[in-house]
Amino acid sequence: MTRKLKTGELELRVLRYNPEIDDAPHWEEYRVHYEPMDRVLDALHKVKWFEDGSLTFRRSCAHGICGSDAMVINGVNRLACKVLVKDLKHPITVEPLRGLPVEKDLLVNMEGFFDQFKKVMPYLVNDEPVPAGERLQSPEERERFDDTTKCILCAACTTSCPIFWSDGSYFGPAAIVNAHRFVFDSRDRAGDERLRILGQKAGAFKCRTTFNCTDACPRGIHVTRAIQEVKREVLDRSI
Ligand code: SF4
Ligand code: F3S
Ligand code: FES
């Protein structure tokens, strides 16, 4: 018989998969003690450090900056370092992001995600002579793309998108957000080229405004709005 949880103890159910020994993913349950301000990342660390060192997951900054610990927590894409266990319904379930190949346990292969990101030219292009000072920009011009500068490339948006699940060729919301950041930058000179890429079959027009991406973004970026702005820009510039 399963023993009752002790005070201050939580049950964590983790979808485990080791391709070297498992035919399919399976759930494992762990019981760990938690402090009032512990996050899901702390609970995963307790499992790894004190229960089962083979549990595999990715994390780096532990403070919502690097974007490496996005996973599905209680059915929703979140950063494990940003969610307090006391704010979640127990038992807590943790699964790898959907739509990306699982390497082991909660660790997914991000190569395809970054390949799509690279396709949209996510960098500033300007081959005009370098000015003596800075390339100046007004506060209004800077504000135009402020929201999309906040992206930390965690993939929570793209892996919550049903279009991406059914069609791996779709660039996905994260790539389009990062294109938006440069398309609307007054210093950039590759807007038309970038919009031509985004107007392709795999580009922004595949989006069906489902809004899952906006709900999933841990940075609060208006992802769907950014995609709509990119679509409108493609049409306005007749690209
Ligand atoms: Fe993550 Fe938001 Fe960037 Fe998507 S837009 S990759 S959810 S930070
Ligand atoms: Fe997908 Fe977001 Fe569009 S969830 S369909 S990219 S609004
Ligand atoms: Fe860096 Fe969570 S570990 S965002």
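Residues numbered from 1 in each chain as written. Chains lettered and ligands numbered in written order. Predicted model: local features only at pLDDT ≥ 70, side-chain atom pairs only at ≥ 80, totals over all residues. Heavy atoms only, no water.

Draft legend 1. Local environment of the site of ligand 1. Lining the immediate environment of ligand 1, one finds 13 residues, of which Cys 151, Cys 154, Ala 155, Cys 157 and Cys 217 sit closest. Of the residues assigned to the shell around ligand 1, the class counts are twelve nonpolar, no polar and one charged. (Near = heavy atom within 4 Å. Nonpolar A, V, L, I, M, F, W, Y, C, P; charged D, E, K, R; others polar.)

Draft legend 2. Representation of the site of ligand 2 within the structure. Close to ligand 2 lie 13 residues, the nearest being Cys 161, Cys 207, Arg 208, Thr 210 and Cys 213. Secondary-structure elements contributing two or more residues to the shell around ligand 2 are helix H7 (212-216) and helix H8 (223-236). Of the residues contributing to the shell around ligand 2, the split by class is eight nonpolar, four polar and one charged. (Helix = DSSP H or I, 4+ residues; strand = E, 2+ residues; numbered from the N terminus.)

Draft legend 3. Spatial organisation of the pattern of salt bridges. Here the structure, examined in full by the defined rule, presents 22 salt bridges. Between Asp 105 and Arg 16 there is a salt bridge, with the nearest N and O atoms lying 3.0 Å from each other. With Asp 105 in the loop between strand S6 (102-104) and strand S7 (107-108) and Arg 16 in strand S1 (residues 9-16), this pair connects stretches of sequence that are 89 residues apart. A salt bridge links Arg 194 to Asp 188, with the nearest nitrogen and oxygen atoms 2.8 Å apart. For the residue pair Arg 194 and Asp 188, the accessibility class agrees, reading buried in each case. (Salt bridge = Lys/Arg side-chain N within 4 Å of Asp/Glu carboxyl O. Buried < 20%, exposed > 50% of the residue type's maximum accessible area, 1.4 Å probe, protein only.)

Draft legend 4. Layout of unusual backbone geometry. Cis peptide bonds are those with omega within 30 degrees of zero, and the linkage from His 90 to Pro 91 qualifies with -5°. Relative to the helices and strands, Pro 91 is located in the loop between strand S4 (76-79) and strand S5 (92-95). Phi angles above zero are rare outside glycine, and Leu 153 is one such case at about 55°. Inspection of the secondary structure assignment puts Leu 153 in the loop between helix H3 (139-143) and helix H4 (162-166).

Draft legend 5. Summary view of the nonpolar core. In terms of nonpolar packing, the biggest core is built from 66 residues, with Leu 12, Val 40, Leu 44 and Leu 198 touching the most fellow members. When residues in this core are grouped by element, the largest group, six residues, is from helix H5 (residues 173-183). In this structure Leu 198 touches Val 120, Phe 171, Ile 176, Ala 179, Val 183, Gly 203, Ala 204, Phe 205 and Val 230, once residues within four positions along its chain are discounted. (Core = buried A, V, L, I, M, F, W, Y, C linked by side-chain atoms within 4.5 Å. Contact = heavy atoms within 4.5 Å.)

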